[in-house]
Amino acid sequence: QESLLYFPAIGGVPRHTSQNPKRYRSPSEHNIHFETHMIRCEDGTTIHSWLLYHPENNSVNKGKKKVPTIIFFHGNAGNIGLRLPNAIQMYHYLKANIWLIEYRGYGDSDDVTPNEAGLKMDAEAVLNYANNPQTRSNNMQNNVDPKRLFVFGRSLGGAVAFHMAQYSQSCSYPPLAGLIVENTFLSISKMVDHLLPYVAPFKMLILRIGWNSGIIAPTIRIPTLFLAGARDTLVPHSHMLELFDRMKSSKVGNLVRLHVVEDGTHNETWMQGGREYWMAMQRFIDEVFAAEQQSGASCSRSGKTASVKNISSNVPFQRKVSSGMASTSFSSASGEGKSVEVDMGFDGDGGEGAADLVASVGNFVGMAKEATRAVAGVGMGGAGAVKKKD
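Residues numbered from 1 in each chain as written. Predicted model: local features only at pLDDT ≥ 70, side-chain atom pairs only at ≥ 80, totals over all residues. Heavy atoms only, no water.

1. Describing the nonpolar core
Okay, so step 1: Core analysis: the largest hydrophobic core is formed by 54 residues, its most contacted members being Phe-73, Trp-99, Phe-162, Trp-211 and Phe-226.
Okay, so step 2: Apart from the residues within four sequence positions on either side, Phe-226 is in contact with Phe-162, Val-181, Met-240, Leu-243, Phe-244, Met-247, Val-256, Arg-257, Leu-258 and His-259.
Okay, so step 3: Core analysis: the second largest hydrophobic core is formed by 33 residues, Ile-70, Ile-80, Tyr-93 and Phe-284 among them. (Core = buried A, V, L, I, M, F, W, Y, C linked by side-chain atoms within 4.5 Å. Buried < 20%, exposed > 50% of the residue type's maximum accessible area, 1.4 Å probe, protein only. Contact = heavy atoms within 4.5 Å.)

Pasting the structure below:
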């Protein structure tokens, strides 16, 4: 079952970052200051990560708070280098440190078989590492505030992020500042109902994988933002709406937001959502810190429930396929204009192929469906054949 969900390497997606196309191999190719952190998990497995430091930290040390740090959990296929275009936009737009985490069995992490229990240990180890002064480097001590940690997860990464959020609520140190999930699912059981209806009647007898975020959602007390692509053909859009509704109806009292990108597909919502997508994230972060200032308690992060649904007008972000820089601007919640330059990393004639690689990463539903059909002996070219990409 694990082989139908986790794809460290598949097709043209390489295992290691050093095997990636140019400008997908390291943040250094984009002149971004970063550190590699190898994190030891409870079972002795070591996982690989890149922590990108935002230069804004250099201007906030004089009596001001550090910029937020966003822990980034990726989808089910490929390494963290393939997420650099997305991470670099997030880095520039949100003026945040971005911490890209590579699951066990993926990229340059230890070569062990990934599974649900293991990925949950990975998430817990990252949070423990961030809050342990003995494991933090000098750069991390100076630039990362454990009280200003957010976690972001897309697709499978959303389930990992939900687990981290739940785990953070049981720890002695401050909980996460916020949870951000994009196009993730209620549970693997619900995905079986959607993908494999002929297997669904027997799932209770054979299904070993849970990832039941639908049960976790109502228990989350930290602020949460749901980013949903309404045209997601891999994970049904209804899963995100139900996760939002379950959390909103829980009466826990946390800040809850939903932003829908009407034309957003499973992997490309961040590109299709236009400036409204990034504004929704910035507003959410601003609201979290504004609420802290009003309450005067940085660790509480609870209060009157606020649930708002925003619909993106879907002004697409234009990717510039060249060795130059793609420049755009947007206004934050405070109304200030912010101009940023985002290097998408598409270099010459190899750019479009690299873009296709990134777009294909995380399509675990399509890949699992194809793999399952192949195992069952169902031809891929006949009726009901599944596309690998939107």
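Still more ground to cover, so stick around.
2. A look at the packing of helix α3 (residues 116–130) against helix α5 (residues 156–168)
Okay, so step 1: α5 packs onto α3 with a crossing angle of 55 degrees between their chain directions and a minimal axis gap of 9 Å. Judged by the angle between their axes, α3 and α5 are oblique. Read as a crossing pair, α3 and α5 show a hand that is right-handed. The residues of α5 that touch α3, namely those facing Leu-119, Lys-120, Ala-123, Glu-124, Val-126, Leu-127 and Asn-128, are Leu-156, Val-160, His-163, Met-164, Tyr-167 and Ser-168. (Axes fitted to C-alpha atoms, helices over the stretch in contact; angles between N-to-C directions. Helix = DSSP H or I, 4+ residues; strand = E, 2+ residues; numbered from the N terminus. Parallel < 35°, antiparallel > 145°, perpendicular 65-115°, else oblique. Left-handed = near helix turned anticlockwise from the far one by under 90°.)

3. Focus: the side chain of Arg-257
Okay, so step 1: For Arg-257, the location among the structural elements is in strand β8 (residues 255–261).
Okay, so step 2: Classification of Arg-257 by relative accessible area gives buried; the value is 12%.

4. So, the pattern of salt bridges
Okay, so step 1: Summed over all chains, the structure comprises nine salt bridges.
Okay, so step 2: The salt bridge involving Lys-120 is made with Glu-116; its shortest N-O contact spans 3.0 Å. Of this pair, Lys-120 and Glu-116 are both found in helix α3, four residues apart, which corresponds to roughly one turn of the helix.
Okay, so step 3: As a salt-bridge pair, Asp-245 and Lys-248 come within 3.5 Å of each other at their nearest N and O atoms. With Asp-245 and Lys-248 both in helix α9 (residues 237–248) and three residues apart, this pair spans about one turn of that helix. (Salt bridge = Lys/Arg side-chain N within 4 Å of Asp/Glu carboxyl O.)

5. Quick word on helix α2 (residues 84–94)
Okay, so step 1: The element α2 is extensively covered by neighbouring structure, given that 10 of its 11 residues are classed as buried.
Okay, so step 2: Within α2 the residues assigned to the buried category are Leu-84, Pro-85, Asn-86, Ala-87, Ile-88, Gln-89, Met-90, Tyr-91, Tyr-93 and Leu-94.
Okay, so step 3: Phi turns positive, to about 50 degrees, at Lys-95, one or two residues after α2.

6. Some details on the packing of aromatic side chains
Okay, so step 1: Enumeration according to the criterion identifies 11 aromatic pairs in this entry.
Okay, so step 2: Ring centres 5.0 Å apart and planes at 55 degrees place the aromatic pair Phe-72 and Phe-152 in the tilted group. With Phe-72 in strand β3 (residues 69–73) and Phe-152 in strand β5 (residues 149–154), the pair connects residues that are 80 residues apart, well separated along the chain. Both residues of the pair, Phe-72 and Phe-152, count as buried.
Okay, so step 3: Taken together, the ring pairs connect Phe-73, Tyr-103 and Tyr-106 into an aromatic cluster.
Okay, so step 4: When the ring centre of Trp-211 is taken as reference, the NZ or CZ atom of Lys-120 above it lies at 5.5 Å.
Okay, so step 5: Against the face of Phe-289 rests Arg-148, its NZ or CZ located 3.8 Å from the ring centre. (Phe/Tyr/Trp six-rings, centres within 6.5 Å; stacked < 30°, edge-to-face > 60°. Lys NZ or Arg CZ within 6 Å of the ring centre and 35° of its normal.)

7. Points about the side chain of Asp-232
Okay, so step 1: Within the element layout of this structure, Asp-232 appears in the loop between β7 (224–229) and α9.
Okay, so step 2: It is Arg-154 that comes nearest to the buried, bridge-free Asp-232 among opposite-charge side chains, at 8.8 Å.
Okay, so step 3: In contact with Asp-232, not counting residues within four places along its chain, are Asn-183, His-237, Gly-264, Thr-265 and His-266. (Lys, Arg positive; Asp, Glu negative; His and termini not counted.)

In short, geometric facts, not functional conclusions.
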